[in-house]
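Take a look at the letters that make up each chain.
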Protein chains: 2
Amino acid sequence: MKFEVTILGSSSATPIYNRNPTSQVLNINERLYLVDCGEGTQQQMLRFDVRASRIDHIFISHLHGDHYLGLVGLLSSLHLNGRKKPLKLFGPPQLMEIIDLQFKYSETTLQYAIEFFPVDAARSQVIVVNEDVTVETIPLDHRIPCTGFLFREKKRLRKLLKDELERLQVPVEFFTSLKKGADYTDLEGKVYKNDILTIDSDTPKTYAYCSDTLFNEQYFGQINNADLLYHEATFLHNMVDRANETHHTTALQAAQIALKVNAKRLLIGHFSARYKTLDELLEEAQSVFPNTGLAIEGRTFVV
Amino acid sequence: MKFEVTILGSSSATPIYNRNPTSQVLNINERLYLVDCGEGTQQQMLRFDVRASRIDHIFISHLHGDHYLGLVGLLSSLHLNGRKKPLKLFGPPQLMEIIDLQFKYSETTLQYAIEFFPVDAARSQVIVVNEDVTVETIPLDHRIPCTGFLFREKKRLRKLLKDELERLQVPVEFFTSLKKGADYTDLEGKVYKNDILTIDSDTPKTYAYCSDTLFNEQYFGQINNADLLYHEATFLHNMVDRANETHHTTALQAAQIALKVNAKRLLIGHFSARYKTLDELLEEAQSVFPNTGLAIEGRTFVV
């Protein structure tokens, strides 16, 4: 099953040339999930050939502009481009008030429904459960209420061993129960154990998105063993005081977190505009956690 | 005196690859005036080397998202980049409510003052008068209240004829009154008429910005004889019904207006995303008004 993330924006508070504010799009089994939506996100989607019409879920971590100012434009463009199917939107309770006010004054009545789920940043909630994935919120420690999002792939059904089924001429109508783990009994009453006809599916993968937070152990337990951990790394560690003051993380701290929670791979982003190039941020993180990558715009990472 | 406009965005409602929503920046005697601020305007400024910190006046024509969704991000970046001097903002009365709500929830207190002037779209008002320019609003005919903006260069003082002043050894302390049109009397009581010591300054130029409007004679008188007329031209004329329905103008109509008001030059913009290339729009306008240009992003036009 496809499970990958494409970076649309990697900048913190102010954009700089070639770095847009935060946004990412996940492709999970060919459904798109948008995570944060900084100004210019819809332009970035055009640039990187991401079809906005395929997005059915949008998640907003918090109400600092660099994480949501592209949302009203995107919602409006979906409407103008003929969207009819509902859109699920998850974010701080006040987000809907901001959207409603702007559509009121532009006299816009969307042709599709926004199903809004206000997120409580004080506790972790499971906010999406479908056949592919569950999504839960990660309470973070920022200047205003802020949550990350943890995407857990659903455990898939067992995989059929096609050659063996063919050899034993197992009728197709038994395949579903076999996938679910049942044994197979043939017409003569002979029982075949499930594990000679199927194998276990792949271990479900998890993607943890931790935007805008102070280094704070409170959420480490929840992101344990993430296959891919995206963590903000706004500053180099020589600015740790500034990071603490503004409730952000340094590249070194992001790497320490990845190590501590036993992540398989770390992706750092949300870079301060003061860094024209990102090499130093990457080197600092890799000095602690070698398997680190940069959340560069346009790049896709497989979870 | 410098009087020029740089295009930052040229797209109508939805952006397309390489065309951002509407925004322009005027440089009038080295002061920058921003006109409309669609999503991504601050990124466009970075791209075209326009220093946002030099902007002291921002004008918003109306509250459709493609004309203002970049504003909160820009105001926020100015704050984060240390702006202290006040900023004058002109736009629909509800604009400030939209801005305030977003800064309330992001817990942002700007370090500089926004001096907000609510614009009444029902009548023309002079909203700026300074030593370089006067700006008046142009009531347009759109689906929601909308105004254009007319920038009239101030008449400059008369120009001194340096050679003549030197020959007659006119003392420097008379220069200011000469520029204002007074005659000069020398120590012996001899009177020199002003017009042998000075010449008239250049005729003041005007720039008319007409965003989002139905073809409607109501505003033609006000933009008469514009040196540079920017007019929206959302559609080709084969879509005039759609233009009427959505209160927009066709390229042909924009050219007819330029002809009718005796503009010296026409600039068309606000192109529908349906037009991948703009040649047909330009050709259509030029068939009626040859001196027409396209408001292409990054281009600068001298008024």
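Residues numbered from 1 in each chain as written. Chains lettered and ligands numbered in written order. Predicted model: local features only at pLDDT ≥ 70, side-chain atom pairs only at ≥ 80, totals over all residues. Heavy atoms only, no water.

### Description of the domain arrangement of chain A
If you check the domain split of chain A, you get domain 1 (3-156 + 202-302) and domain 2 (159-199). Between the C-alpha centres of domain 1 of chain A and domain 2 of chain A the distance comes to 43 Å. (Domains from an automatic or database assignment.)

### Some remarks on helix H9 (residues 279-286) of chain B
An α-helix turns once per 3.6 residues; consequently, residues spaced three or four apart project the same way. All names here are of chain B. Here H9 has its buried residues at Leu281, Leu282, Glu284 and Ala285. The buried residues of H9 occupy one face: seen down the axis, they fall within an arc of 165 degrees. Exposed side of H9, more than 90 degrees from the buried face: Glu280 and Glu283 are the residues found there. The elements touched by buried residues of H9 are helix H8 (251-260), strand E16 (265-269) and strand E17 (292-294). (Buried < 20%, exposed > 50% of the residue type's maximum accessible area, 1.4 Å probe, protein only. Helix = DSSP H or I, 4+ residues; strand = E, 2+ residues; numbered from the N terminus. Arc of directions from axis to C-beta. Contact = heavy atoms within 4.5 Å.)

### So, the relation of the copies chain A and chain B
Mapping chain A onto chain B leaves a residual RMSD of 0.1 Å; the transformation is a rotation of 180 degrees accompanied by 0.0 Å of translation along its axis. This pairing of chains is accounted for by a two-fold axis. Taking the C-alpha atom as reference, chain A places Gly40 of chain A closest to the rotation axis, 2.6 Å from it. (Least-squares fit on C-alpha atoms with pLDDT ≥ 70 in both.)

### Let's talk about the nonpolar core
Ranked by internal contacts, the top residues of the largest apolar core, which has 61 residues, are Ile58 of chain A together with Ile58 of chain B. Those residues in contact with Ile58 of chain B, other than ones at most four positions away along the chain, are Leu34, Leu71, Leu74, Leu75, Leu87, Lys88, Leu89 and Phe90 of chain B. (Core = buried A, V, L, I, M, F, W, Y, C linked by side-chain atoms within 4.5 Å.)

### A word on the environment of Lys180 of chain A
Inspection of the secondary structure assignment puts Lys180 of chain A in the loop between helix H5 (175-179) and strand E11 (184-185). Sequence-wise, Lys180 of chain A and Lys159 of chain A are 21 residues apart; in three dimensions their C-alpha atoms are separated by 9.3 Å.

### Considerations on the pattern of salt bridges
Applying the stated criterion across every chain, the model contains 35 salt bridges over all chains. Put simply, Lys193 of chain A and Asp183 of chain A hold a salt bridge, and the shortest N to O gap is 3.6 Å. One end of the pair, Lys193 of chain A, is in the loop between strand E12 (191-192) and helix H6 (194-197); the other, Asp183 of chain A, is in the loop between H5 and E11, with ten residues separating them in the sequence. Relative accessible area serves as the criterion here: at 51%, Lys193 of chain A is assigned to the exposed category. Judged by relative accessible area, Asp183 of chain A falls into the partly exposed class, the value being 35%. A salt bridge links Lys155 of chain B to Asp200 of chain B; its shortest N-O distance comes to 2.9 Å. Pair noted here: Lys155 of chain B is in the loop between strand E9 (147-153) and strand E10 (159-160) and Asp200 of chain B is in the loop between strand E13 (198-199) and strand E14 (206-210), with a separation of 45 residues, a long-range link. (Salt bridge = Lys/Arg side-chain N within 4 Å of Asp/Glu carboxyl O.)

### Some details on the interface of chain A and chain B
Contacts between the two partners involve 35 residues from chain A and, on the opposite side, 35 residues from chain B. Taken over both partners, the interface formed by chain A and chain B buries close to 2,900 Å², and the fraction arising from carbon and sulfur atoms is 61%. Where chain A touches chain B, the interface holds zero salt bridges. Across the chain A-chain B interface, the total number found is 14 residue pairs in polar contact (both at pLDDT 80 or more). Of all the elements in the fold, those that place two or more residues in the side of chain A that touches chain B are helix H1 (41-47), helix H2 (71-80) and helix H3 (95-105) of chain A. (Buried area = accessible area lost by both parts, 1.4 Å probe. Polar contact = N/O pair within 3.5 Å; in protein donor to acceptor, adjacent residues only side chain to side chain.)

### Some words on the sheet that holds strand E3 (residues 31-37) of chain A
Residues and elements named next belong to chain A. Strands sit in the order E6-E5-E4-E3-E2-E1-E18 across an open sheet of seven strands; the sheet is mixed. Every other strand in the sheet has two partners, leaving strand E6 (114-118) and strand E18 (300-302) as the edge strands with one partner each. Recorded for the sheet is a direction-independent mean angle of 20 degrees between the axes of neighbouring strands. In this structure, strand E1 (residues 3-9) lies alongside strand E2 (residues 23-28), joined through six bridges in antiparallel fashion. Its bridge partner lying in E2, Gly9 is registered against Ser23. Sitting on the sheet, H3 is in contact with strand E5 (87-91) and E6, with an inclination near 125 degrees to E5. (Pairing = 2+ DSSP bridges. Axes fitted to C-alpha atoms, helices over the stretch in contact; angles between N-to-C directions.)

### Examining the packing of helix H8 (residues 251-260) of chain A against helix H9 (residues 279-286) of chain A
Residues and elements named next belong to chain A. Contact pair H8 / H9: the axes reach a minimum separation of 8 Å and the direction vectors enclose 35 degrees. Handedness of the crossing formed by H8 with H9: right-handed. Here Ala251, Leu252 and Ala255 of H8 come into contact with H9, specifically with Leu281, Glu284 and Ala285. Split by residue class, the contact of H8 with H9 holds five nonpolar, no polar and one charged. (Left-handed = near helix turned anticlockwise from the far one by under 90°. Nonpolar A, V, L, I, M, F, W, Y, C, P; charged D, E, K, R; others polar.)

### Some thoughts on the UniProt feature "binding site: Zn(2+) 2" (unreviewed entry) in chain A
Residues and elements named next belong to chain A. The positions that UniProt labels "binding site: Zn(2+) 2" (unreviewed entry) are, in the present scheme, Asp66, His67, Asp212 and His270. The largest pairwise C-alpha distance within this set of annotated residues, which runs over 205 residues, is 10.6 Å, so the set is compact in three dimensions. By secondary structure assignment, the location of Asp212 is in the loop between strand E14 (206-210) and strand E15 (228-232). Asp212 sits in the buried class, given a relative accessible area of 1%. (UniProt positions renumbered as here; feature names shortened; annotations may be inferred.)

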